Amino acid sequence: MGAKISPIEKEWNDLIKKENKFLHSRAGAKAPIINEKLDSKLPPKLRETLNLAFNKAFEIIFEKGSPLIEKTFNKEKYELDFKVNDYAYGLKSDKKRLKKFGGRARTAKAVNMAVSCASGIGLGVAGVGIPDIPIFTAAIFKSVYETALSFGYDYNRPEERMFILRLIEVAMKQGYDFAENNKELNEIIDGGLSVEGDFEEQKQRTAQSMTDAMIYMKFLQGMFIIGAVGGAWDMVYMNRITNYAILKYKRRFLVKKMGKTEDKI
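Conventions adopted
Residues numbered from 1 in each chain as written. Predicted model: local features only at pLDDT ≥ 70, side-chain atom pairs only at ≥ 80, totals over all residues. Heavy atoms only, no water. pLDDT = per-residue confidence, 0-100. Helix = DSSP H or I, 4+ residues; strand = E, 2+ residues; numbered from the N terminus. Contact = heavy atoms within 4.5 Å. Polar contact = N/O pair within 3.5 Å; in protein donor to acceptor, adjacent residues only side chain to side chain. Expected span 1.5 Å × (residues − 1). Buried < 20%, exposed > 50% of the residue type's maximum accessible area, 1.4 Å probe, protein only. Arc of directions from axis to C-beta. Axes fitted to C-alpha atoms, helices over the stretch in contact; angles between N-to-C directions. Parallel < 35°, antiparallel > 145°, perpendicular 65-115°, else oblique. Nonpolar A, V, L, I, M, F, W, Y, C, P; charged D, E, K, R; others polar.

Trainee: Please clarify how the confidence of the model for the protein should be interpreted in this entry.
Mentor: Scored by pLDDT, the protein has a mean of 82; 79% of the residues are at 70 or more. The secondary structure element of the protein with the lowest average pLDDT is helix α6 (residues 103-125), at 62, and the one with the highest is helix α8 (residues 158-171), at 96. When the criterion is pLDDT under 50, residues 122-129 qualifies, and its contacts beyond four places in sequence or with other chains add up to 24 contacts.

Here's what the structure looks like:
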């Protein structure tokens, strides 16, 4: 008879199953069929314009946007919940207390998706695509910030900002690129390493990843009335990034709790 595994080991095994499921879905993901039909219609400079828009959105968020984003949720409540959950888990390390971590982030995800969908569709009906990017980007960061706080991480730290940008970059990839980048990110997490590189370069890579994934739907969103279809995809991207953020932050949390390494991010 095998040795009984601990609640945290069970949680780790469950996480690995969920990560493998996400990996399978992204590694085998194919671009929507409509992309082929839109390919020949894309304006020559749209990719450059979209990329610049995402870079500008990141710049605004990191320079002065975080305090504005924080007005949309109760940061102190998230921090208090984590401290309470961490204290309770310290007293009794069982499955019930372990499941509490990340709970508020999972609850907030549904709200963030609904808001993102409503905003995307509303602007799409009006034929507004590119101007939606600052709104959508702020919503993405709000969701990731809430996830970070749920697992006890301060998103304002320079190292954490690098991690968040890397996380978003990887989440927007698919196929072989996603599999390889996801593997690299897991190695960083499991080794307790910092995300290395230049911050400006990472911003550009993340913006490029978002541009590559969203260019067709943002182009479609810019068309009057039928743009609602493109706008509705904001919810799809929000769901993808938030789910990935929950997986990666939970992995960091569990690695640290299992005493495998110190988190240096």
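Trainee: Honestly, the environment of Asp212 in this entry has me stumped. Any pointers?
Mentor: Along the chain, Asp212 turns up in helix α10 (residues 199-221). Sequence-wise, Asp212 and Asn51 are 161 residues apart; in three dimensions their C-alpha atoms are separated by 8.8 Å. Engagement of the side chain of Asp212 in a polar contact is seen with the side chain of Arg47, the distance being 2.8 Å.

Trainee: Mind showing me how you'd approach helix α4 (residues 75-91) here?
Mentor: Residue pairs spaced three or four apart in an α-helix point in one direction, given the helix's 3.6 residues per turn. The end-to-end C-alpha distance of α4 is 25 Å, a good match for the 24 Å that 17 residues give at a rise of 1.5 Å each. Residues Lys75, Tyr78, Asp81, Phe82, Asn85 and Tyr89 constitute the buried set of α4. Seen along its axis, α4 keeps its buried residues to an arc of 125 degrees; they face one direction. Among the exposed residues of α4, those pointing more than 90 degrees away from its buried face are Glu76, Lys83, Tyr87, Gly90 and Leu91. Its side-chain oxygen placed 3.3 Å from the backbone nitrogen of Glu76, Asn74 serves as the N-cap of α4.

Trainee: Any chance you could explain the side chain of Gln202 here in plain terms?
Mentor: Examined against the element boundaries, Gln202 turns out to sit in helix α10. By relative accessible area, which is 0% here, Gln202 ends up buried. In contact with Gln202, not counting residues within four places along its chain, are Met162, Leu165, Arg166 and Glu169.

Trainee: Would you mind showing me how to read the packing of α4 against helix α7 (residues 133-150) here?
Mentor: Between two packed helices, the angle of one axis relative to the other and the distance separating the axes together describe the packing. The interhelical angle for the contact between α4 and α7, taken along N-to-C directions, is 30 degrees, at an axis separation of 8 Å. Between α4 and α7, the angle falls in the class roughly parallel. Here Lys75, Tyr78, Glu79 and Phe82 of α4 lie close against α7, whose contacting residues are Glu146, Leu149 and Ser150. For the contact of α4 with α7, the per-class residue count stands at 3 nonpolar, 1 polar and 3 charged.

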